[in-house]
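A look at the structure
This is what each chain is made of:
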Amino acid sequence: MSKKILAVDDEKHILRLVQINLEKAGYDVYTGSNGQEAVDKTREISPDLIVMDVMMPIMDGFDALKTLKADPATAGIPVIMLTAKAQDADVFHGWQSGADLYLTKPFNPMELLTFVKRIFDTQTDTPATNKSFDTNEDAYTLE
């Protein structure tokens, strides 16, 4: 069974880029466009991982992250913040809010895929060295 990933970003082209690359790597990807959708869809589908932007309408990613980490039903779901907010204070706020990883835009899709795989590898008993992951395949980019 494929791992479920919830990707949340209000920029449609970024959301699509993340979705295509994660699907190409074999993951089931669900999407949302704001922090409230992130919270609602997480409770609905129980994803194995969330990739989420910070600057979004209705509820920003930091508030969504805090909400998810405060709920025992969703607190254990790893969250990768993928955002243009790259100031030290923003990164610190992300870590403080419970982010498992903080990536800044622009980003390399292969880097995102590598981190996603690493997070999933740490959740299993099988050593990562016994798993294969083809990073030679080209990832889709915004070029």
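Details of the structure are given in the entry above.
As a starting point, this report considers the structure included with it. (Residues numbered from 1 in each chain as written. Predicted model: local features only at pLDDT ≥ 70, side-chain atom pairs only at ≥ 80, totals over all residues. Heavy atoms only, no water.)

The next subject is the pattern of salt bridges. One pass over the structure, following the stated rule, counts 6 salt bridges. Here arginine 43 makes a salt bridge to aspartate 71, at a shortest N to O gap of 3.3 Å. Taken together, the positions of arginine 43 in helix H2 (residues 35–45) and aspartate 71 in the loop between helix H3 (61–70) and strand E4 (79–83) put the pair 28 residues apart, joining distant regions of the chain. Note on arginine 43: relative accessible area 46%, which makes it partly exposed. The residue lysine 105 makes a salt bridge to aspartate 53 at a minimum N-O spacing of 3.6 Å. Of this pair, lysine 105 sits in the loop between strand E5 (101–104) and helix H5 (109–122) while aspartate 53 sits in the loop between strand E3 (49–52) and H3; the two residues are 52 residues apart in sequence, bridging distant segments of the chain. You'll find lysine 105 and aspartate 53 in the same group, each marked buried. Beyond isolated ion pairs, a larger network of salt bridges with shared partners links Asp9, Glu11, Asp53 and Lys105. (Salt bridge = Lys/Arg side-chain N within 4 Å of Asp/Glu carboxyl O. Helix = DSSP H or I, 4+ residues; strand = E, 2+ residues; numbered from the N terminus. Buried < 20%, exposed > 50% of the residue type's maximum accessible area, 1.4 Å probe, protein only.)

Now for unusual backbone geometry. In this structure, proline 106 follows lysine 105 across a cis peptide bond, with omega equal to -5°. Summarising the element assignment, proline 106 is placed in the loop between E5 and H5. Positive phi, close to 50°, is recorded for serine 46, a residue that is not glycine. Locating serine 46 in the fold gives a position in the loop between H2 and E3. Within the chain, isoleucine 58 stands out as a residue other than glycine whose phi angle is a positive 65°. Locating isoleucine 58 in the fold gives a position in the loop between E3 and H3.

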